[in-house]
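So the chains spell out like this:
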Amino acid sequence: MGYRLSKIYTRTGDKGETGLGDGRRVPKDHPRIEAIGEVDSLNSQLGLLLAGLDEHGLKEVSEVLAPCQHRLFDLGGELAMPSYRALNMAEVERLEAAIDVWNDELGPLKNFILPSGSALVAQAHVCRSLARSAERRCQQLNAVEPLEGAGLAYINRLSDLLFVAARIIGRRQGVAEVLWQAAERPLG
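All chains use their own residue numbering, which begins from 1 and follows the written sequence. Per-residue local features of the predicted model are confined to residues with pLDDT of at least 70, and side-chain atom pairs are confined, for both listing and counting, to 80 or more; whole-chain, interface and lining totals are unaffected and use all residues. Heavy atoms throughout the structure, all of them, feed into the side-chain values; hydrogens and water do not.

Visitor: Go over the overall build of the protein chain, please, and point to the residues and values.
Guide: Tallying secondary structure elements over the protein chain gives five helices and two strands in all. Elements are defined by DSSP. Helices are runs of H or I of four residues or more, strands are runs of E of two residues or more, and each kind is numbered from the N terminus. Going residue by residue from the N terminus, the α and β elements of the protein chain occur as β-β-α-α-α-α-α. With respect to the principal axes defined by its C-alpha atoms, the protein chain has extents near 55 × 50 × 30 Å. By definition, residues are in contact when any of their heavy atoms lie within 4.5 Å. Intrachain contacts of the protein chain at a sequence separation of at least 6 include 75% that bridge at least 24 residues. When the accessible area of the protein chain is evaluated, it comes to approximately 11,200 Å², of which 53% is carbon and sulfur surface. Just so you know, the count uses Lys and Arg for positive and Asp and Glu for negative, and it drops His and the chain ends. By convention, the charge on Lys lies at NZ, on Arg at CZ, on Asp at CG and on Glu at CD. Side-chain charges in the protein chain split into 22 positive and 25 negative, and the spacing between the mean points of these groups amounts to 4 Å. Using a 1.4 Å probe, the Shrake-Rupley method yields the accessible areas, and only the shown protein chains count as cover for residues.

Have a look at this one:
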């Protein structure tokens, strides 16, 4: 594959518009650009999580999550080029299989948990919350420009995977889950 970006700046976006892969120009706050931005934020934070997993020797978790960075880039491509398709249901099924394996080990939750316990657990929850945000932005786009393909299912399942990954990371680190404690009800 040859070079795709010969210049980093083009000056074409200085007036509040950006170009899509199909040649259209849209405002930088267009729902499609918002969705692309949220997917990009998630991908960046996932990269931070992966770096931490590698530093802590959690290769098993990293091997499941590392392909997700590539698939998020694919999703960004689908969003930037509306006729382009890269994701398929096999990717969604891969996430579901990983969720099932880890969930079987963890067992059911008996209480709400907080995004806490260790830096890696918290980072996994940051990724999970960004996946939910990206999903909301994709759904907003879908309401005005229907999306085709597996992208919506993928981002939904990825947030589920990241929740379970946070729990499995805590287990691998020997860190107890931080259980939510409800505020005491006011008297009277």
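Visitor: Tell me about the nonpolar core, residues and numbers included.
Guide: By nonpolar core we mean a set of buried residues, namely Ala, Val, Leu, Ile, Met, Phe, Trp, Tyr and Cys, connected to one another through side-chain atoms within 4.5 Å. Exposure is judged per residue with a 1.4 Å probe applied to protein chains only, and the accessible area is read against the type maximum: over 50% gives exposed, under 20% gives buried, and values in between give partly exposed. Within the largest apolar cluster, 43 residues are counted, with the highest numbers of intra-cluster contacts made by L49, L65, L158 and L161. Counting residues per element, this core draws most heavily on helix α5 (residues 151–173), at 11 residues. Ignoring any residue separated from it by four or fewer positions in sequence, one finds L158 in contact with L42, C68, L72 and L95.

Visitor: Help me get a handle on the pattern of salt bridges, residues and values and all.
Guide: The rule for a salt bridge is simple: a side-chain nitrogen of Lys or Arg has to be within 4 Å of a carboxyl oxygen of Asp or Glu. Enumeration according to the criterion identifies 14 salt bridges in this entry. Across the salt bridge formed by E145 and R32, the nearest N and O atoms sit 2.7 Å from each other. Here E145 is found in the loop between α4 (119–144) and α5, whereas its partner R32 is found in helix α1 (residues 31–55), with 113 residues between them in sequence. Across this residue pair, the class does not change: E145 and R32 are buried. In this structure, E60 and R172 form a salt bridge, with 2.8 Å as the shortest nitrogen-oxygen distance. Separated by 112 residues along the polypeptide, E60 in helix α2 (residues 59–80) and R172 in helix α5 bring together distant segments of the chain. The network of salt bridges with shared partners includes D22, R24, R32 and E145.

Visitor: Can you break down the packing of α1 against α5 residue by residue, with the values?
Guide: To describe two helices that pack against each other, one gives the angle between their axes and the distance between the axes. Under this scheme, a helix contributes an axis fitted over its contacting stretch, all axes are lines through C-alpha atoms, and angles between N-to-C directions fall in the 0 to 180 degree range. Direction vectors running N to C along α1 and α5 enclose 25°, while the axes themselves pass 14 Å from each other. The orientation of α1 with respect to α5, classified from their angle, is roughly parallel. Our pair here, α1 against α5, has a crossing hand that is left-handed. Taking contact as the criterion, the partners of L42, L46, L49 and L53 in α1 are, on α5, I155, L158, L162 and I169. Broken down by class, the residue content of the contact of α1 with α5 amounts to eight nonpolar, no polar and no charged. Note on terminology: angles under 35 degrees are roughly parallel, angles over 145 are roughly antiparallel, angles of 65 to 115 are roughly perpendicular, and the others are oblique. Each crossing gets its handedness from the near helix: less than a right angle anticlockwise from the far helix is left-handed, clockwise is right-handed. Put simply, Ala, Val, Leu, Ile, Met, Phe, Trp, Tyr, Cys and Pro go in the nonpolar bin, Asp, Glu, Lys and Arg in the charged bin, and everything else, Gly too, in the polar bin.

Visitor: Go over the packing of aromatic side chains, please, and point to the residues and values.
Guide: For Phe, Tyr and Trp, rings pair up if their centres lie within 6.5 Å, where Trp contributes its six-membered ring, and each pair is then called stacked (planes under 30 degrees apart), edge-to-face (over 60) or tilted (otherwise). Following the criterion strictly, the structure yields one aromatic pair and no others. Judged by centre distance (5.7 Å) and plane angle (75°), the rings of F112 and W180 are edge-to-face. Here the residue F112 occupies a position in the loop between α3 (89–106) and α4, and W180 occupies one in the segment after α5, the gap between them amounting to 68 residues. On the basis of relative accessible area, W180 is assigned to the partly exposed category, the value being 41%.

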